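The chain contents come next:
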Amino acid sequence: MQAPEFKVSGRISKPVHEVFEAVVDPGKLSGYFTTGGAKGRLETGATVTWDFADFPGAFPVHVVEVVPDEKIVLHWGAADGTPDEGGAYETTVTMTFAGLEDGRTLVTIGESGWRDSAAAQKAAFGNCEGWTGMLCALKVYIEHGINLRDGFYK
């Protein structure tokens, strides 16, 4: 077995700066992704909190790097349920934002750093689904003002 990692991408019909701000601004992020709210702007070196009302608990998110309108790198706790297999650890989430010739923005989200285990593989698949959902929710929110997550999971 190989340690899992993944990348998902989507195109948003808005300029890069507007899409980037919809992710780094906690008020905007709370409008479509963090259903329990986000606390703290994503800035290099910050630790922010993302709360999901449809999943238990708030999650600390450690902001490793932010390059305005280009890239966000985060660390957060791996949700593989295996703290007894070497202790708790974090995965790395990398988001990139690229302007396209037609004015849209290509957003790519990757997550890596999982352990090489069946539990980590299952958790990575779950997070892949979650990041895909986040991209869909971002697109609908920023293009049409609709919170796609509202009532989606509960």
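Conventions we followed
- Residues numbered from 1 in each chain as written.
- Predicted model: local features only at pLDDT ≥ 70, side-chain atom pairs only at ≥ 80, totals over all residues.
- Heavy atoms only, no water.
- Axes fitted to C-alpha atoms, helices over the stretch in contact; angles between N-to-C directions.
- Helix = DSSP H or I, 4+ residues; strand = E, 2+ residues; numbered from the N terminus.
- Parallel < 35°, antiparallel > 145°, perpendicular 65-115°, else oblique.
- Left-handed = near helix turned anticlockwise from the far one by under 90°.
- Contact = heavy atoms within 4.5 Å.
- Nonpolar A, V, L, I, M, F, W, Y, C, P; charged D, E, K, R; others polar.
- Pairing = 2+ DSSP bridges.
- Phe/Tyr/Trp six-rings, centres within 6.5 Å; stacked < 30°, edge-to-face > 60°.
- Buried < 20%, exposed > 50% of the residue type's maximum accessible area, 1.4 Å probe, protein only.

A. Here's a closer look at the packing of helix H1 (residues 16-24) against helix H3 (residues 118-144). The N-to-C vectors of H1 and H3 enclose an angle of 120°; their axes lie 11 Å apart at closest approach. Relative to H3, H1 is oriented oblique. Two packed elements cross with a definite hand, and for H1 against H3 that hand is right-handed. Packed against H1, whose contacting residues are Glu18, Val19, Ala22 and Val23, the element H3 presents Met134, Leu138 and Ile142 at the interface. Partitioned by chemical class, the residues of the contact of H1 with H3 number 6 nonpolar, no polar and 1 charged.

B. Highlighting the pairing of strand E4 (residues 58-67). In the sheet, strand E3 (residues 47-51) pairs with E4 via 5 bridges, with the strands oriented antiparallel. Looking at the pairing, threonine 47 lines up with histidine 62 of E4. Between E3 and E4, which pair antiparallel and follow one another directly, the connecting turn spans 6 residues, one of which, glycine 57, has a positive phi of 85°. As defined by bridge partners, E4 adjoins strand E5 (residues 71-77) across 6 bridges and the pair is classed as antiparallel. Note that in E5 the partner of valine 66 across the bridge is isoleucine 72. Connecting E4 to the antiparallel partner E5 that follows it, the hairpin turn spans 3 residues, and aspartate 69 within it adopts a positive phi of roughly 65°.

C. Seen up close, the packing of aromatic side chains. Enumeration over the complete set of coordinates arrives at 10 aromatic pairs. Members of the aromatic cluster, joined through ring pairs, are Phe33, Trp50, Phe52, Phe59, Trp76 and Trp131.

D. Broad picture of the environment of valine 67. Following the sequence through the fold, valine 67 ends up in strand E4. Using a relative accessible area of 24% as the deciding quantity, one classes valine 67 as partly exposed.

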